[in-house]
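An overview of the molecular structure
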Amino acid sequence: MNYWLVKSEPDVYSFDQLLKDKITTWDGVRNYASRLNLLEMKKGDNVFFYHSNQGTEIVGIASVVKQAYQDSTTTDKRWVAVDLKPVKKLKRSVTLTEIKSRKEFANMDLVRISRLSVQKVKKEDWDKIMEICN
C-alpha cells in the first residue's frame, strides 16, 4: 500500500463535501509531478485530505477506489483522474504550522514541495501524523 496527500481549497471542495458525496473524481490536475503521482495511485491506497489556503491542515482520510483514467475535463490524453472515497474525518486536524515545527517532517513533500497538489507520503510520516491526530 502507498500513502498520498491531496490538496483542495475547502471553499472549492471540502472533506465534508466528500463525506456527503461518498465518492469523487479527483480531476483537473495540470502539474506533471502531480500527474505522475496520480498514475502511481492504486486501488486501496490511503490518502490524506488537506485543506489548502484556508486552514492549511490535514483534515481527513480518503481511499483510492478507481485508479488513473482519462480526465474528462480535458481532451488531452496526458491528464488523468482517480476516484476517491472518504474513510474518516480526523479527530483532530494537523496543521501545516505544526508539521513544519517538527524536524522529523523536514523531508516531507508537504514541507519541501508545498505547491504540489498530489503528493507522496512516506509510511513513517503517515504513521507519525496518525499518532498526532488520534
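Basis of the calculations
- Throughout this document, residue positions are counted from 1 along each chain, in the order its sequence is written.
- Where local features are concerned, this predicted model is filtered to residues with pLDDT of at least 70; where side-chain atom pairs are given and counted, the filter is 80 or more; whole-chain, interface and lining totals use all residues.
- The side-chain figures draw on all heavy atoms in the structure; neither hydrogens nor water molecules are used.
- Planes of paired rings set the category: under 30 degrees apart is stacked, over 60 is edge-to-face and the rest tilted, where pairs are Phe, Tyr or Trp rings (Trp by its six-membered ring) whose centres lie within 6.5 Å.
- Numbering goes from the N terminus for both helices and strands, where a helix is a DSSP run of H or I of at least four residues and a strand is a run of E of at least two.
- Only protein chains enter the area calculation, which uses a 1.4 Å probe; residues under 20% of their type maximum are buried, those over 50% are exposed, and those in between are partly exposed.
- Side-chain atoms alone can form a polar contact between residues adjacent in sequence; in general such a contact is a pair of N or O atoms within 3.5 Å, and within protein one must be able to donate a hydrogen while the other accepts it.
- Two residues form a contact once any of their heavy atoms are found within 4.5 Å.
- Between any two strands, pairing holds if DSSP finds at least two bridges.

1. Examining the packing of aromatic side chains
Evaluation of the coordinates by the stated rule reveals 5 aromatic pairs. Between the aromatic rings of Trp-26 and Phe-49, the centroid separation amounts to 5.6 Å while the plane-to-plane angle is 85°, which identifies the pairing as edge-to-face. One end of the pair, Trp-26, is in strand 2 (residues 24–26); the other, Phe-49, is in strand 3 (residues 46–51), with 23 residues separating them in the sequence. An identical accessibility class is assigned to Trp-26 and Phe-49; each is buried. The interplanar angle of 15° and the centroid separation of 3.7 Å between the aromatic rings of Phe-48 and Trp-126 together place this pair among those described as stacked. Highlighted residues: Phe-48 in strand 3 and Trp-126 in helix 5 (residues 123–133), separated in sequence by 78 residues.

2. Considering the side chain of Ser-34
Residue position: Ser-34 is located in helix 2 (residues 32–40). Of note is the side chain of Ser-34, whose polar atom sits 3.4 Å from the side chain of Ser-117. With sequence-adjacent residues up to four places away left out, Ser-34 is seen in contact with Val-29, Leu-116, Ser-117 and Val-118.

3. A look at the pairing of strand 3
Taking burial as the measure, the 6 residues of strand 3 include 6 buried ones, the bulk of the element. Here strand 3 shows a buried face lined by Asn-46, Phe-48 and Tyr-50 and a second buried face lined by Val-47, Phe-49 and His-51. By the bridge criterion, 6 bridges tie strand 1 (residues 3–8) to strand 3 in an arrangement that is parallel. By the bridge assignment, Trp-4 is partnered in strand 3 with Val-47. The sheet contact formed by strand 3 and strand 4 (residues 57–70) spans 6 bridges and is antiparallel.

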